[in-house]
Amino acid sequence: MSSVVGVHAPKGLEGVVATTSGICYIDGEAGVLAYRGYDIHELADHSTFEEVCYLLWFGRLPKADELRQLRSRMAEERKLDPGIVKALQVVPKHVPAMDVLRTLTSTLSYYDPDNARNDHDANVNKAIRLTSQLAMLVANYDRIRNGKPLVEPDRSLSHAANFLLMLNGVAPSATAERALDIALILHADHELNASTFAARVTAATLSDMHAAITSAIGALKGPLHGGANEAVYRILETIDRGKADPVEHVRGMLAAKKKVPGFGHRVYHTEDPRATHLRVMSRDLGKSSGQPQWYKMSEKIEQFVKAEKKLNANVDFYSASTYHTLGIDEDLFTPIFAVSRISGWAAHVIEQLDDNRLIRPRADYQGPDYPNRYIPIEKR
Ligand SMILES: CC(C)(COP(=O)(O)OP(=O)(O)OC[C@H]1O[C@@H](n2cnc3c(N)ncnc32)[C@H](O)[C@@H]1OP(=O)(O)O)[C@@H](O)C(=O)NCCC(=O)NCCS
């Protein structure tokens, strides 16, 4: 029997339009991604992560003084309460960075000066604060677990450069800074993906920004979503370690009916426009860092999966080799996705709350018939 007669949910809500939004435009057939109408290729070529944050949160590109102000507000928010640093220090060292990020993002609310407020302005403040703080959580945790001293933020640097400084203890090269900045731009928003939907559902109960972002991080972690970039690297590493043939390795995965992480997409039926940039970055960084093998391996896998399964590489495929070449540990790949996507999540939470209604869909009930007579336990 069905409780909503005649209504059947497509599995995975494929093709369902669940909200109206003015943030992100995707044409899955043409391979178009745009934030507030601006094509991702133009943004990747000309913009910065901070400018994209402004665009997402305020709905338009900033003037020079507006961008300066946002950059300085984001830089000022590069601080964590000592209580948070203490909490990072007592985390068992084996805990994956994504789990730490999920839990500690929630605790950031204890120290947020706007915690009691859920209005538009307070949420913009929280968006700025969380964007700065998430990057610090990831960098600080990585140093703590490796027994390295924490690095003070440098408020004169861009978001990308400061993150790399706090992570590695040395200021990044201009190439590394720009590479990460572009990666942050490319990952900033993607319409109603699973984590953004989770954030909006939580926000729509009139819970708060921290709760919504914590929900989103939980959703991002899975290997069908943000966790795919780490899974891609594990494959590349296995192939490299075993000196295996990349094509044969992936052929074996497909024969075993395994999905190849970094391929396929619910919305794009053509090239994921983000992959276009990450492919070039992976190639160029590989060459300039003297580690071309990661790109070469990836390229062979991409050609094979495309020919064999007609599946295109998605955003996660070339992120893996790009981040690895930047010297980033594999379990930071998905947290770095969150370091960028916090901008889009926050924009969606703000948009949701600006015109809110509880998100509460129905289920197509397919269980035992009603009424199912209750039999006392001794008679079952
Ligand atoms: C992204 C993803 C979850 C989209 O899923 P979806 O729209 O629900 O599509 P499905 O998982 O139902 O896949 C449809 C078909 O393509 C196949 N397929 C999809 N992605 C595949 C992959 N990466 N490797 C091998 N086969 C894949 C499925 O096995 C399925 O085949 P079938 O119809 O013969 O059973 C899926 O492509 C995937 O799991 N990719 C790998 C994980 C990943 O990279 N995630 C990051 C996305 S940005």
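Note that this is a predicted model, so its numbers are computed, not measured.

Q: Any chance you could explain the packing of helix 5 (residues 97-107) against helix 10 (residues 209-220) here in plain terms?
A: For any two helices packed against each other, the geometry is given by the interaxial angle and the distance between the axes. Where helix 5 contacts helix 10, the axes come no closer than 8 Å and their chain directions differ by 170°. In terms of their interaxial angle, helix 5 and helix 10 are classed as roughly antiparallel. Here Met98, Leu101, Arg102, Thr105 and Ser106 of helix 5 lie close against helix 10, whose contacting residues are His210, Ile213, Thr214, Ile217, Gly218 and Leu220. Of the residues in the contact of helix 5 with helix 10, the class split is five nonpolar, five polar and one charged.

Q: Help me out: how do you make sense of the nonpolar core in this one?
A: Across soluble globular proteins, nonpolar side chains show a tendency to be buried alongside one another. Ranked by internal contacts, the top residues of the largest apolar core, which has 105 residues, are Tyr35, Trp57, Phe163 and Ile328. Excluding anything up to four places from it in sequence, Tyr35 contacts Ile23, Cys24, Ile40, Leu43, Val52, Leu55, Leu56, Ile185, Leu186, His187, Ala188 and Asp189.

Q: Got a minute to help me understand the site of the ligand in this structure?
A: Not every one of the 17 residues close to the ligand is listed here, only the nearest: Lys259, Val260, Gly262, Phe263 and Arg266. Contact distances for the ligand include 2.8 Å between an oxygen atom and a backbone N or O atom of Gly262. Among the residues forming the shell around the ligand, the class breakdown is eight nonpolar, five polar and four charged.

Q: Honestly, helix 12 (residues 246-255) in this entry has me stumped. Any pointers?
A: Residue pairs three or four apart in sequence face the same way in an α-helix, which turns once every 3.6 residues. Residues of helix 12 that are buried include every one of Pro246, Val247, Val250, Met253 and Leu254, and no others. Around the axis of helix 12, the buried residues are gathered within 120° of arc, so they sit on the same side. Where helix 12 is buried, its residues meet helix 11 (228-241) and helix 14 (293-309). Two or three places before Val247, at the opening of helix 12, Asp245 has a side-chain oxygen 2.9 Å from that residue's backbone nitrogen. Lys257 lies just past helix 12 and shows a positive phi near 60°.

Q: What exactly am I supposed to notice about helix 5 here?
A: Taken across its eleven residues, helix 5 has eight buried, putting it largely inside the fold. Turning to helix 5, its buried residues are Ala97, Met98, Asp99, Val100, Leu101, Leu104, Thr105 and Thr107. For helix 5, the secondary structure elements touched by its buried residues are helix 4 (82-90), helix 6 (120-145), helix 10 and helix 16 (333-354).

Q: Explain the pairing of strand 1 (residues 24-27) to me, please; I cannot follow it from the model alone.
A: Across a regular strand the side chains alternate sides, sitting on one face of the sheet and then on the other. The alternating pattern of strand 1 places Cys24 and Ile26 on a buried face and Tyr25 and Asp27 on a face that is not buried. Taking the residues that link successive antiparallel strands as the turn, the strand 1-strand 2 (residues 32-35) hairpin has four residues, and the phi of Gly31 there is positive, at about 70°.

Q: Is there a simple way to think about unusual backbone geometry in this case?
A: A negative phi holds for most residues other than glycine; trans holds for most peptide bonds. The linkage connecting Tyr370 with the following residue, Pro371, adopts the cis geometry, with an omega of -5°. With respect to the secondary-structure elements, Pro371 resides in the segment after helix 16. Residues other than glycine seldom take positive phi values, yet Glu191 does so here, at roughly 55°. Its location among the elements puts Glu191 in the loop between helix 8 (174-187) and helix 9 (194-204). The phi dihedral of Lys257 is positive, around 60°, even though this residue is not glycine. Mapped onto the elements, Lys257 comes out in the loop between helix 12 and helix 13 (273-288). Classification of Lys257 by relative accessible area gives exposed; the value is 76%.

Q: What's the story with the sheet that holds strand 2 in this structure? I'm lost.
A: Adjacent strands of a sheet pair through backbone hydrogen bonds, lying either parallel or antiparallel. Across the sheet, three strands lie side by side as 1-2-3; this open sheet has antiparallel pairing. The sheet is open, and its two borders are formed by strand 1 and strand 3 (38-39), each paired with just one other strand. Pairing of strand 2 with strand 3 involves two bridges; the strand directions are antiparallel. Note on strand 3: the bridge partner recorded for Ala34 is Asp39.

Q: Mind showing me how you'd approach the pattern of salt bridges here?
A: Two side chains with opposite charge may pair up if their charged atoms get near one another. Under the definition given, this model contains 19 salt bridges. Measuring nitrogen to oxygen at the nearest pair gives 3.3 Å for the salt bridge that ties Glu248 to Arg251. Here Arg251 and Glu248 lie together in helix 12, a separation of three residues that amounts to about one turn. By relative accessible area, which is 42% here, Glu248 ends up partly exposed. The residue Asp272 makes a salt bridge to Arg274 at a minimum N-O spacing of 2.8 Å. Overall, the relative accessible area of 1% leaves Asp272 in the buried class.

Q: Where do I start with the packing of helix 9 against helix 16 in this structure?
A: Relative orientation of the contacting elements helix 9 and helix 16 amounts to 35°, with a least axis distance of 9 Å. Handedness of the helix 9/helix 16 crossing: right-handed. On the side of helix 9, the interface is formed by Ser195, Thr196, Ala199, Arg200, Ala203 and Ala204, while helix 16 contributes Arg341, Trp345, His348, Val349, Glu351, Gln352 and Leu353. Its residues placed into classes, the contact of helix 9 with helix 16 shows six nonpolar, four polar and three charged.

Q: Could you clarify how one ought to interpret the environment of Arg200 in this entry?
A: By the element assignment, Arg200 lies in helix 9. As a C-alpha pair, Arg200 and Ile359 span 159 residues in sequence and 8.1 Å in three-dimensional space. In this structure Arg200 touches Thr19, Thr20, Ser21, Leu192, His348, Glu351, Gln352 and Ile359, once residues within four positions along its chain are discounted.

Q: Would you mind showing me how to read the pairing of strand 2 here?
A: In this structure, strand 1 lies alongside strand 2, joined through four bridges in antiparallel fashion. What sits directly across from Tyr25, in strand 2, is Ala34. Counting the residues that bridge the hairpin from strand 2 to strand 3 gives two residues, and of these Arg36 lies at a positive phi of roughly 50°.

Reading guide: rules and limits
Residues numbered from 1 in each chain as written. Predicted model: local features only at pLDDT ≥ 70, side-chain atom pairs only at ≥ 80, totals over all residues. Heavy atoms only, no water. Axes fitted to C-alpha atoms, helices over the stretch in contact; angles between N-to-C directions. Helix = DSSP H or I, 4+ residues; strand = E, 2+ residues; numbered from the N terminus. Parallel < 35°, antiparallel > 145°, perpendicular 65-115°, else oblique. Contact = heavy atoms within 4.5 Å. Nonpolar A, V, L, I, M, F, W, Y, C, P; charged D, E, K, R; others polar. Core = buried A, V, L, I, M, F, W, Y, C linked by side-chain atoms within 4.5 Å. Buried < 20%, exposed > 50% of the residue type's maximum accessible area, 1.4 Å probe, protein only. Near = heavy atom within 4 Å. Polar contact = N/O pair within 3.5 Å; in protein donor to acceptor, adjacent residues only side chain to side chain. Arc of directions from axis to C-beta. Pairing = 2+ DSSP bridges. Salt bridge = Lys/Arg side-chain N within 4 Å of Asp/Glu carboxyl O. Left-handed = near helix turned anticlockwise from the far one by under 90°.

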